[in-house]
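# Close look at the chain arrangement
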Amino acid sequence: MKSLLRVALLVLAAAPFATQAGQIREYWVAAEPVTWDYAPSGKNLLHPGSDMGVWGKRLSYPKYRYIRYTDATYRTPVPQPEWMGILGPELLGEVGDTLKVHFRNRADRPFSMHPHGLRYDEDNDGADHRGAGAMIAPGKSYTYTWTLDEGAGPGPSDPSSIVWLYHSHVDHVADIYQGLIGTIVVTRKGMAISSADPRPRDVDRNFTTLFMVFDEEDGAEGGLKHAMNGYIFGNLRGLEAVEGERVRWHLVALGSEVDLHTAHWHGETVLDHGRRTDVIELLPASMVSVDMVADNPGTWLYHCHVGDHMTAGMMTRWTVRPRPQPTVAPPGPQPN
Ligand SMILES: [Cu+2]
């Protein structure tokens, strides 16, 4: 009897591990030098008759980006949707999962990966010049282990997934202006599509936009690139939904005291934690997830509503395509 009780207690003790153990999700990410172009079309796509003012005088700059690869060979990059622009890969998981991020520094200066919101120990903070992951030298690699515990997941009044920033944290300010920025999306436990696909099942599409003024020329006005995902004057493209889709928008910002942004959608409204609005306020390191039902077909402005940010090109357009109509057979003679 005593041994039976002991077995029962052991089973009870083991049960939480069986149900709470999530997936281990591996990502291979390299920091690499790139040349970034803030307006690949070379044009002001908002006002085709106008130029881009002082901000258009120079458009390409050397930067760094986080690039995701398929595996440990770091040979095959994983393609990203056009709208992601300068953002690094979106790292996904469900509460209970663990992210193993194999970081390789292919740049010429030390960089790191520091995640907001996730659970980590000092070696995996990727910051503060302390711990094994704080400063990865050029040519070196480090595997970050980050846990998606309850504290990393959506709170009671959050939607079914929330966004966190990650960025390099060696030279705190410069690393971010250099372009080493990405996001993590954590889905509430039980809301993932499947164990293989941690995206939330109550959403049809998600977009992430970073509002940030990149300082390319030590504060000179023409070098202050008022960018959405690294693009100015309508050059952020590919934000396209289909009529009727449930769209989740993740909004993030970084930068300095000029980085107070008011993201504004034309054509639709969003639900922000129970509040209905069409403007979301952002400050440096803000992270906000809001929901929209895209039910108004058209091509609409999506921009920062701060006056001098609009002047500097912090604007683009997004599209809701009409839902394809079911085809109806033409009237004709009925078969006998
Ligand atoms: Cu702004």
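Scroll up to find the structure this text is about.
Read on for a plain summary of the structure. Computed from a predicted model, the values in this text were never measured in an experiment. (Residues numbered from 1 in each chain as written. Predicted model: local features only at pLDDT ≥ 70, side-chain atom pairs only at ≥ 80, totals over all residues.)

We now examine the overall build of the protein chain. Each helix and strand in the protein chain was counted, giving three helices and 19 strands. In terms of principal-axis extent, the alpha carbons of the protein chain reach across some 85 × 80 × 40 Å. Per-residue burial for the protein chain yields a buried fraction of 41% across its 336 residues. Counting contacts in the protein chain only where the partners sit at least 6 residues apart, residues at least 24 apart contribute 71% of the total. (Helix = DSSP H or I, 4+ residues; strand = E, 2+ residues; numbered from the N terminus. Buried ≥ 20, exposed ≤ 12 C-beta atoms within 10 Å, placed from the backbone. Contact = placed C-beta atoms within 7 Å.)

Here we come to the environment of valine 34. Structurally, valine 34 can be placed in strand E1 (residues 24-37). Taking the C-alpha atoms as reference points, valine 34 and tyrosine 64, separated by 30 residues in sequence, lie 5.4 Å from one another.

Strand order in the open sheet made by the four strands is E3-E8-E7-E5, with mixed pairing throughout. The two strands at the open ends of the sheet, each matched to only one other strand, are strand E3 (91-94) and strand E5 (114-115). Where strand E7 (residues 161-167) and strand E8 (residues 181-187) come together, seven bridges link them in antiparallel fashion. From the neighbouring strand, leucine 165 faces E8, where its bridge partner is threonine 183. (Pairing = 2+ DSSP bridges.)

Notably, tyrosine 74 is not glycine yet its phi reads approximately 50°, a positive angle. Of note in the backbone geometry, histidine 129 takes a positive phi value of approximately 60° without being a glycine. Within the fold, histidine 129 resides in the loop between E5 and strand E6 (141-147).

Relative to strand E19 (residues 315-321), strand E11 (residues 240-242) runs parallel, the two being bridged by three bridges. The residue bridging glutamate 240 from the neighbouring strand is threonine 319, located in E19.

So, about the environment of aspartate 128. Mapped onto the elements of the fold, aspartate 128 is located in the loop between E5 and E6. C-beta crowding within 10 Å serves as the criterion here: with 14 such atoms nearby, aspartate 128 is assigned to the partly exposed category. Sequence spacing of aspartate 128 and histidine 261 is 133 residues, and the spatial spacing of their C-alpha atoms is 28 Å.

The subject of this paragraph is the sheet that holds strand E18 (residues 298-304). Spatial ordering of the open sheet is given by E11-E19-E18-E13-E16, a layout of five strands whose pairing is mixed. In this open sheet, the two edge strands, each paired with only one partner strand, are E11 and strand E16 (279-282). Neighbouring strand axes in the sheet, compared pairwise and without regard to direction, differ in orientation by 20° on average. Across four bridges, strand E13 (residues 261-265) lies against E16 in antiparallel orientation. Looking at the pairing, histidine 264 lines up with valine 279 of E16. (Axes fitted to C-alpha atoms, helices over the stretch in contact; angles between N-to-C directions.)

Here glutamate 217 shows up in the loop between strand E9 (205-215) and strand E10 (224-228). For glutamate 217, a count of 13 C-beta atoms within 10 Å puts it in the partly exposed group. Glutamate 217 sits 156 residues away from tyrosine 61 along the chain, and the two C-alpha atoms are 10.0 Å apart. In contact with glutamate 217, other than residues within four places in its own chain, are Gly222 and Gly223.

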